[in-house]
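Observations on the three-dimensional arrangement
Each chain is listed here by its residues.
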Amino acid sequence: MQVLQCGLAGPFIALKLTREGYSAFLSGFLVSIIWALVIALGSATPALIKRLGIFRINLFAISLTALGFACFSLFDDIALYVFGSISIGAALTVRWISCDTLVIQQSADAHVGRNVGIHETLMGGGLAVGPLMLWLSDYGYGLVLLSVLVMSGVATLLLYFDSLHFETSASVGHAEERLTLDRHTKKEASGELGQALMSAFFGGFIEASFVAFLPAFVISQGYSVAAGGLVGFAFGLGGTLLQPLMGVATSRARVAFVQLSCVVLIVICLIGAIAVMNTGYSLTSPAFLSLIFFAGGWIGGANTLAVIDCGTRLESHLIEFGVARIATFYTVGAVAGPLIVGAIAWKAGDVALIYTCTAFALLLLLISGNFAKVKGRPI
């Protein structure tokens, strides 16, 4: 479902509204609604999962996803677009937190990094396949909706066949009654995750902005729709293939060191992309595509490392709180990103995407270095 909720929804909304003559700001607003739902529902999701179970909560998410895309594909009405964004956002929230929690709870301490890396690889695949689906459908609304319905059907069948396993796995993770978390405990847990929360926020800002506006940016520079889909695919492919490296790296070095290194690599890739653009190279050249590929990988890695940090730092009864907290910070960034980038692009042009995200990556680098120094964490 990551393919639909994250990889397909953002660029589909942005490009459809662009075709219909709406502003980039409205596109950013509708994409931000999706992420705002994670903020609104994130804290309530663990209790909802416990009440409904993994099977029912994910079946609910699949249904809402299909409903949301139907609103965008079949109608031309702003109110229904808003409702569609709300449906997709609610589906994303419950699916995301339930899956991350389950992966961490069912992983032995020594395998948290590896298992989270594999899980994030599959999640990152959604960012790559989503733009590819748009490209293959030539942005035809009927074909996009048909693809959504087919994938929803397949997801429902897989969920049904695995439902017994999910329920059993979930019950194991909740074998011991969860401790009630007071305000002081939550504050201490959040303090332990300071670097992870900052990485999640800035990672969400940059990733959501790129996913939503990268194809539109390429097209605005005079390239074809296929070229826009290709560049978006390269970004998502990097976010897919490079995530296992995060798990491997954290098994051989301290998480704090890997986090800081990841931010440095993000900055290098984005500055390199700007340099390639300004030297007259094509946006479909191997040089630009390679930089976008690696940028997608390291940007996705920021969130992967945040989840790994949560799994290795917090005690088992704090995992659900930590995952929900990371999801919230990622989402605040993912809401702010399309809104801010969309507003700047509205005034300064679509090229603002690369420059704005590079500026925020530099800010994250400054914060990460300062955080490690102030907290005294060995890196």
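Fair warning: this is a prediction, and the values are worked out from it, not measured in the lab.

**Some details on the overall build of the protein**
Along the backbone of the protein there are 14 helices and zero strands. Put simply, the protein runs from its N terminus to its C terminus through helices and strands in the order α-α-α-α-α-α-α-α-α-α-α-α-α-α. Carbon together with sulfur atoms contributes 67% to the accessible area of the protein, which is approximately 15600 Å² in total.

**Brief notes about the environment of I39**
Within the fold, I39 resides in helix 2 (residues 24–41). Taking the relative accessible area as the measure of exposure, I39 reaches 35% and is therefore partly exposed. Setting aside chain neighbours within four positions, we find I39 in contact with T328, T331, V332 and V335.

**Regarding the pattern of salt bridges**
Considering all chains together, one arrives at one salt bridge under this definition. Of the charged contacts, one joins E20 and K16 as a salt bridge, the two residues approaching to 3.7 Å between their closest N and O atoms. Under the relative-accessibility criterion, K16 is labelled buried at 3%.

**Examining the packing of aromatic side chains**
For the structure shown, the criterion picks out eight aromatic pairs. Where F205 meets F360, the ring centres are 3.9 Å apart and the plane angle is 20°; that geometry is what we call stacked. Taken together, the residues span a long stretch of sequence, with F205 in helix 8 (residues 194–220) and F360 in helix 14 (residues 352–375) at a distance of 155 residues. Of the residues examined, F205 reaches a relative accessible area of 0% and is grouped as buried.

**What about the confidence of the model for the protein?**
Of the residues in the protein, 80% reach a pLDDT of 70 or more, and the chain-wide mean stands at 79. Mean pLDDT values over the elements of the protein span from 66, in helix 7 (residues 183–192), up to 91, in helix 11 (residues 255–278). Confidence drops under a pLDDT of 50 for residues 167–179, and excluding neighbours within four residues, the segment shows 18 contacts in the predicted structure.

**Description of a nonpolar patch on the surface**
A contiguous nonpolar surface patch, about 460 Å² in accessible area, is contributed by L143, L146, V150, V154 and L158. Among the secondary structure elements, V154 is positioned in helix 6 (residues 141–173).

**Quick notes on the side chain of S27**
Examined against the element boundaries, S27 turns out to sit in helix 2. Judged by its relative accessible area of 2%, S27 is buried. When residues no more than four places from it in sequence are discounted, the contact partners of S27 are I13, A14 and L17.

**Description of helix 2**
Look at helix 2: 26 Å from first C-alpha to last across 18 residues, which is about the 26 Å you get at 1.5 Å a residue. In helix 2, a bend of some 30° at I34 exceeds every other bend along the element. Where helix 2 is concerned, the buried positions are L26, S27, G28, L30, V31, S32, I33, I34, W35, L37 and V38.

**Here we look at the nonpolar core**
Core analysis: the biggest nonpolar cluster contains 97 residues, and L8, W35, F69 and F210 have the highest contact counts within it. Broken down by element, this core gets its largest block of residues, 14 residues, from helix 8. Contact partners of F69, with chain neighbours within four places excluded, come to L4, L8, A9, F12, I88, L145 and V148.

**So, the packing of helix 8 against helix 13 (residues 319–348)**
It is at 6 Å that the axes of helix 8 and helix 13 come closest, and there the two elements cross at 40°. The orientation of helix 8 relative to helix 13 falls into the category oblique. Crossing geometry of helix 8 relative to helix 13 is assigned as right-handed. Of the residues assigned to the contact of helix 8 with helix 13, the class counts are 16 nonpolar, six polar and two charged.

**A closer look at the side chain of T358**
Among the secondary structure elements, T358 is positioned in helix 14. Within polar-contact distance, the side chain of T358 engages the backbone oxygen of I354 at 2.7 Å. For T358, the residues in contact, after removing those within four places along its chain, are L270, I271 and I274.

**Focus on the packing of helix 10 (residues 243–252) against helix 12 (residues 286–313)**
Interaxial distance between helix 10 and helix 12 falls to 9 Å at its minimum, and their mutual angle equals 45°. Relative to helix 12, the element helix 10 is oriented oblique. The element helix 10 and its partner helix 12 pack so that their crossing is right-handed. Here Q243, M246, G247 and T250 of helix 10 come into contact with helix 12, specifically with G297, W298, G300, G301, T304, L305 and I308. Partitioning the contact of helix 10 with helix 12 into residue classes produces four nonpolar, seven polar and no charged.

**Some words on the environment of S368**
Within the fold, S368 resides in helix 14. Along the primary structure S368 and V263 are separated by 105 residues, whereas in three dimensions their C-alpha atoms are 8.0 Å apart.

**With respect to the environment of G297**
Note that G297 resides in helix 12. Since its relative accessible area comes to 0%, G297 is described here as buried. For the pair formed by G297 and G238, sequence separation is 59 residues and the distance between their alpha carbons is 4.2 Å. Other than its neighbours up to four places away in sequence, G297 contacts G238, G239, L242, Q243 and M246.

Calculation rules
- Residues numbered from 1 in each chain as written.
- Predicted model: local features only at pLDDT ≥ 70, side-chain atom pairs only at ≥ 80, totals over all residues.
- Heavy atoms only, no water.
- Helix = DSSP H or I, 4+ residues; strand = E, 2+ residues; numbered from the N terminus.
- Areas by Shrake-Rupley, 256 points an atom, 1.4 Å probe, with all protein chains shown as cover.
- Buried < 20%, exposed > 50% of the residue type's maximum accessible area, 1.4 Å probe, protein only.
- Contact = heavy atoms within 4.5 Å.
- Salt bridge = Lys/Arg side-chain N within 4 Å of Asp/Glu carboxyl O.
- Phe/Tyr/Trp six-rings, centres within 6.5 Å; stacked < 30°, edge-to-face > 60°.
- pLDDT = per-residue confidence, 0-100.
- Patch = residues over 30% accessible without salt bridge, like charges linked within 9 Å, V, L, I, M, F, W, Y side chains within 5 Å.
- Expected span 1.5 Å × (residues − 1).
- Bend = angle between axes of the 7 residues up to and from the residue.
- Core = buried A, V, L, I, M, F, W, Y, C linked by side-chain atoms within 4.5 Å.
- Axes fitted to C-alpha atoms, helices over the stretch in contact; angles between N-to-C directions.
- Parallel < 35°, antiparallel > 145°, perpendicular 65-115°, else oblique.
- Left-handed = near helix turned anticlockwise from the far one by under 90°.
- Nonpolar A, V, L, I, M, F, W, Y, C, P; charged D, E, K, R; others polar.
- Polar contact = N/O pair within 3.5 Å; in protein donor to acceptor, adjacent residues only side chain to side chain.

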